[in-house]
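In case you want the letters, here they are:
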Amino acid sequence: MRSAFADHLRQAAKLPATIRYTAQGINRVRRSARKLSPELTMPFTPPPTFLNHRITPERRFASATLALADIKETAKLCGGTINDVVQAMSTGALRTLLLRYDGTAEPLLASVPASFDFSPERISGNYFTGLMVALPADLDDPLERLRACHDNAASAKEAHHLVGPELISRWSNYLPPLATESFFRWASSRDGQNKVLNLPISNVPGPREHGRVGGARVTEIYSVGPLTAGSGLNITVWSYVDQLNISVLTDGATVKDPHEVTEAMVTDFIELRRAAGLPEELTQVRAAMAPA
């Protein structure tokens with residue numbers, strides 16, 4: 001209780017600095033001569049899709065593994081990054097599923113976690129925030145999608161730094177727990193789409209050497225975040241040693257089988273390599289395929 005009370009006092013003392021930080025970000029946006037993205041002046045409303053609905057209690061999981069060397073080779077030839085390739089193959093897979101379930105594919109809005117504290121001395125706490133990145137699911141050409149993903153991510157990062165990378169993290173310290181819990185319970189119970197985003201997509205750079213747990217060698221890492229209110233899909237990707245490990249979490253109503261998502265991501269990556277003039281045969285691919 002003493003520790004909690006002292007923490008409340010520390011947070012209260014930081015409130016003026018948080019308000020000042022927010023005002024500085026708003027002023028930077030107002031003074032900016034360059035319009036980095038439409039989201040700075042007019043919020044982008046996510047389109048209604050099969051992904052966005054009232055979430056059911058059931059959870060379904062699927063995974064796939066690609067060779068990190070194939071990802072790096074593709075990114076280098078296309079002039080992008082590993083993250084660009086992950087975003088592009090996710091967007092291509094979502095386009096396939098949108099056409100399958102909705103009959104049309106529009107640009108989507110994804111929340112992409114981004115860290116803003118890379119200090120090696122930090123041993124606890126989550127110092128990250130979320131970038132709102134537009135996914136060009138309306139584009140049919142794989143190379144065009146990759147270039148658009150690169151440009152959209154760069155625009156989102158610039159806009160994010162203009163507003164202030166710590167803005168959400170700082171204000172989240174002042175959210176009352178009971179009120180926050182009640183809000184998310186209310187939001188989860190609504191029978192409608194998420195008004196903020198279509199889905200979260202994470203790309204985590206993992207260890208480059210094999211780790212051990214209790215003496216056992218860790219051969220693969222699969223991690224996935226929770227489903228957010230009104231969004232029935234979460235895509236989380238980890239690079240680990242020489243692998244790129246894809247994890248997909250859905251509820252029971254979004255897709256018939258979550259392997260449809262991982263299967264579509266692998267297929268889109270092969271199409272991207274074909275479009276870039278690279279061999280379609282992959283060094284490593286492991287995925288449980290969706291049942292016929």
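The paragraphs below set out a description of the structure included in this document. The model shown is predicted, which means the values in this text are computed figures rather than measured ones.

Rules used throughout
- Residues numbered from 1 in each chain as written.
- Predicted model: local features only at pLDDT ≥ 70, side-chain atom pairs only at ≥ 80, totals over all residues.
- Heavy atoms only, no water.
- Phe/Tyr/Trp six-rings, centres within 6.5 Å; stacked < 30°, edge-to-face > 60°.
- Helix = DSSP H or I, 4+ residues; strand = E, 2+ residues; numbered from the N terminus.
- Buried < 20%, exposed > 50% of the residue type's maximum accessible area, 1.4 Å probe, protein only.
- Contact = heavy atoms within 4.5 Å.
- Axes fitted to C-alpha atoms, helices over the stretch in contact; angles between N-to-C directions.
- Parallel < 35°, antiparallel > 145°, perpendicular 65-115°, else oblique.
- Left-handed = near helix turned anticlockwise from the far one by under 90°.
- Nonpolar A, V, L, I, M, F, W, Y, C, P; charged D, E, K, R; others polar.
- Core = buried A, V, L, I, M, F, W, Y, C linked by side-chain atoms within 4.5 Å.
- Salt bridge = Lys/Arg side-chain N within 4 Å of Asp/Glu carboxyl O.
- Pairing = 2+ DSSP bridges.

### Overview of the packing of aromatic side chains
And step 1. Enumeration over the complete set of coordinates arrives at one aromatic pair.
And step 2. Considering the side-chain rings of Phe50 and Tyr101, the 4.8 Å spacing of their centres and the 20° angle between planes classify their relative orientation as stacked. Note that Phe50 is positioned in the loop between α1 (2-31) and β1 (60-67) and Tyr101 in helix α3 (residues 82-101), a separation of 51 residues in sequence.
And step 3. Tyr101 sits in the partly exposed class, given a relative accessible area of 27%.

### Some details on the side chain of Ser239
And step 1. Inspection of the secondary structure assignment puts Ser239 in strand β7 (residues 233-240).
And step 2. With residues up to four places along the chain from it excluded, the contact list for Ser239 reads Leu68, Val204, Pro205, Gly206, Pro207, Arg208 and Leu244.

### A closer look at the packing of α3 against helix α4 (residues 142-163)
And step 1. α4 packs onto α3 with a crossing angle of 120° between their chain directions and a minimal axis gap of 9 Å. Taken together, the axes of α3 and α4 lie oblique to each other. Handedness of the α3/α4 crossing: right-handed. The segment α3 lies against α4, with Asp84, Val85, Gln87, Ala88, Thr91, Gly92 and Arg95 engaging Arg145, Leu146, Cys149 and His150.
And step 2. The residue inventory of the contact of α3 with α4, partitioned by class, reads four nonpolar, four polar and three charged.

### A short note on the nonpolar core
And step 1. In terms of nonpolar packing, the biggest core is built from 42 residues, with Leu66, Met89, Leu199 and Ile235 touching the most fellow members.
And step 2. The contacts of Ile235, once residues within four sequence positions are left out, are Ser90, Leu199, Pro200, Ile201, Ser202, Ser247, Val248, Val261 and Met265.

### A few points about the pattern of salt bridges
And step 1. Summed over the entire model, instances satisfying the criterion amount to seven salt bridges.
And step 2. Salt-bridge contacts for Asp140 lead to Arg95; the nearest nitrogen and oxygen are separated by 3.4 Å. Of the two residues, Asp140 sits in the loop between β3 (128-135) and α4 while Arg95 sits in helix α3, which places them 45 residues apart along the sequence.
And step 3. For Asp140, a relative accessible area of 58% corresponds to the exposed category.

### Observations concerning the environment of Lys14
And step 1. Within the secondary structure layout, Lys14 lies in helix α1.
And step 2. Taking the C-alpha atoms as reference points, Lys14 and Arg170, 156 residues apart in sequence, are found 9.2 Å from one another.

### A closer look at the pairing of strand β8 (residues 243-250)
Looking along a regular strand, one sees side chains alternate from face to face of the sheet.
And step 1. Where burial is concerned, most of β8 is hidden: eight out of the eight residues are buried.
And step 2. Of the two faces of β8, the one carrying Gln243, Asn245, Ser247 and Leu249 and the one carrying Leu244, Ile246, Val248 and Thr250 are both buried.
And step 3. Pairing analysis gives eight bridges linking β1 to β8, with the strands arranged antiparallel. Bridge pairing in β8 links Phe61 to Leu249.
And step 4. Between the antiparallel neighbours β7 and β8 lie two residues, among them Val241 with a positive phi of about 55°.

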